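Take a look at the letters that make up each chain.
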Amino acid sequence: MANVHSNLVSLLYVFQMDEVYSAGVTVASALQKYLHGSETFWLWVTYLGDPACVFLVYFPLTYAYRRRLGVTVLWLALVSEWLNLVFKWFLFGERPFWWIHESGRHSDVDLKQFSSTCETGPGSPSGHCMITGAALWPVVMFLSEQLSQRGIQRFIPIFLYFLLMMGIAVSRVLILAHFPHQVVAGIITGVFLGNVLQRTVPQSRTFVFFALTSIFLLFGAIFMNWGMNKSGLDLSWSIHLATKWCSRPEWIHPETRPFSSVTRSAGNALGLGLALHSPWYQSLHGDNTRSIASDILCTELSTPLPVPIGSPDPVSSYQKDAVPWRHPQEKLRSHNRTTVCIIQPEAHIHKQPIDTFTFYSYVANTGKNSECCDDNKRQDITKPKCKHPQEKLHCDTSPMTVCILTILAAASLKRSKV
Ligand SMILES: O=P(O)(O)OC[C@H]1O[C@@H](O)[C@H](O)[C@@H](O)[C@@H]1O
């Protein structure tokens with residue numbers, strides 16, 4: 001009886017969600033129609049809302065202005081980015097660019113995809129709205145406090161904040177990355193988190209606190225992922241749908257995969273600890289320009305920490321007209337053997353090289369190009385990693401980063417006699 005009841009509830013839920021998604025598609029279709037011609041502008045707005053922008057642009061800028069404010073922005077960004085992923089794993093939100101195909105609605109509407117459309121994570125709530133919204137909230141509060149003597153002017157930062165948030169929301173719906181209710185949920189959650197978390201910023205905590213936070217974020221997500229997989233939930237469902245319905249394989253970016261954001265949050269927590277505690281950083285403190293430079297460097301260095309995001313080797317750097325090829329079943333026959341398909345497959349049509357991960361996923365999910373390679377059209381490039389000087393640089397990044405961070409951490413611990 002309980003089973004029948006829960007089945008009825010989930011049926012009702014699916015039915016209602018389909019109604020909501022359907023209404024969302026109508027809104028997206030209207031936006032694409034009325035905002036036709038200004039797509040480049042909206043792609044820029046989407047870029048302004050990208051969580052990556054918080055780490056690489058908003059954080060250094062606010063830090064240069066007020067050290068405390070900068071640290072608050074970074075802390076809020078990394079905590080809300082992690083929470084956003086957890087919400088997404090539990091809420092299973094669809095994205096319009098794949099939902100219209102899966103539901104069969106694509107024949108009723110004429111909708112276009114863009115270069116930023118093909119996000120590979122679940123859609124609910126919007127990370128652009130939630131993470132950027134949370135991270136910028138303390139900036140808004142700070143600015144309106146500064147203007148508190150000037151009467152009505154103190155509302156200008158709040159007005160500009162909501163204008164930006166609305167713009168980001170519209171851009172996400174327009175490019176089919178989100179349904180309207182997902183961006184609204186993102187803004188509400190972002191404002192709420194910004195408000196609550198700004199009171200918990202660990203400005204004067206030890207390096208060990210940041211190291212433990214980093215470990216918690218990384219392993220907490222891995223453990224959660226493992227637990228959900230064990231209980232039968234396939235958390236890569238969104239990656240499969242995104243690669244299946246993205247209209248161009250080169251628009252699927254590995255860095256949008258859910259686990260990339262975990263490594264970024266964990267890396268930034270560690271980077272923040274190092275920035276606040278390393279003697280190297282302390283010696284630069286006081287000189288604003290160099291402080292900013294060292295800050296950006298710390299963030300940049302910590303970003304590619306443990307990076308389980310698939311094959312790193314860019315295709316085009318050593319053989320422009322070839323795409324690495326490995327048939328999913330080929331794995332059974334030849335371990336660690338990568339071959340290059342001399343006939344340029346799908347990527348050639350779009351005149352743009354694509355990376356190995358994207359290509360594998362595209363083939364695995366769409367079944368396209370499966371006839372591309374036969375044995376005499378392949379060139380064996382066993383152990384291709386770091387073959388080209390440019391690739392070497394790329395491949396060497398992670399060990400180098402770990403090495404530098406370890407030295408800095410050791411020096412910092414020695415100095416503080418922990
Ligand atoms: O949920 P949204 O708005 O698509 O945004 C989330 C993702 O946006 C991507 O572009 C980022 O690279 C990810 O790290 C982030 O998690």
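Residues numbered from 1 in each chain as written. Predicted model: local features only at pLDDT ≥ 70, side-chain atom pairs only at ≥ 80, totals over all residues. Heavy atoms only, no water.

Provide a residue-level description of the overall build of the protein chain, including the pertinent values.
Along the backbone of the protein chain there are 17 helices and three strands. Of all 418 residues assigned to the protein chain, the portion counted as buried reaches 48%. Considering only residue pairs separated by 6 or more positions, the protein chain has 80% of its internal contacts joining residues 24 or more positions apart. In the form shown here, the protein chain has an accessible surface area of approximately 21,100 Å², with 64% of it arising from carbon and sulfur atoms. (Helix = DSSP H or I, 4+ residues; strand = E, 2+ residues; numbered from the N terminus. Buried < 20%, exposed > 50% of the residue type's maximum accessible area, 1.4 Å probe, protein only. Contact = heavy atoms within 4.5 Å. Areas by Shrake-Rupley, 256 points an atom, 1.4 Å probe, with all protein chains shown as cover.)

Describe in detail the packing of aromatic side chains, supporting the description with residues and values.
Summed over all chains, the structure comprises 19 aromatic pairs. Measuring from centroid to centroid gives 5.0 Å for Phe41 and Trp42, while their planes differ by 80 degrees, and the two rings are edge-to-face. When the ring of Trp44 is compared with that of Tyr47, the centres are 5.7 Å apart and the planes differ by 85 degrees; the resulting orientation is edge-to-face. Placement of both Trp44 and Tyr47 in helix 2 (residues 39-48) is noted, with a separation of three residues, approximately one turn of the helix. (Phe/Tyr/Trp six-rings, centres within 6.5 Å; stacked < 30°, edge-to-face > 60°.)

Explain the pattern of salt bridges to me, using residue names and the numbers behind them.
The full count for this structure, using the stated rule, is five salt bridges. The shortest N-O distance in the salt bridge between Arg264 and Glu81 comes to 2.6 Å. Taken as a pair, Arg264 in helix 11 (residues 258-277) and Glu81 in helix 4 (residues 67-91) lie far apart in primary sequence, 183 residues in all. Across this residue pair, the class does not change: Arg264 and Glu81 are buried. Put simply, Arg105 and Asp108 hold a salt bridge, and the shortest N to O gap is 3.5 Å. (Salt bridge = Lys/Arg side-chain N within 4 Å of Asp/Glu carboxyl O.)

Could you give an account of helix 11, with specific residues and numbers?
The terminal C-alpha atoms of helix 11 lie 30 Å apart, and with 20 residues this matches the ideal 28 Å at 1.5 Å per residue to within 8%. For helix 11, the buried fraction is high: 19 of the 20 residues fall into the buried class. (Expected span 1.5 Å × (residues − 1).)

Provide a residue-level description of the nonpolar core, including the pertinent values.
In terms of nonpolar packing, the biggest core is built from 77 residues, with Trp75 and Leu78 touching the most fellow members. Among the elements that line this core, the one with the most residues is helix 4, at 13 residues. In this structure Leu78 touches Phe55, Leu217, Ser265, Asn268 and Ala269, once residues within four positions along its chain are discounted. (Core = buried A, V, L, I, M, F, W, Y, C linked by side-chain atoms within 4.5 Å.)

As far as function goes, none of this settles anything; it's purely spatial.
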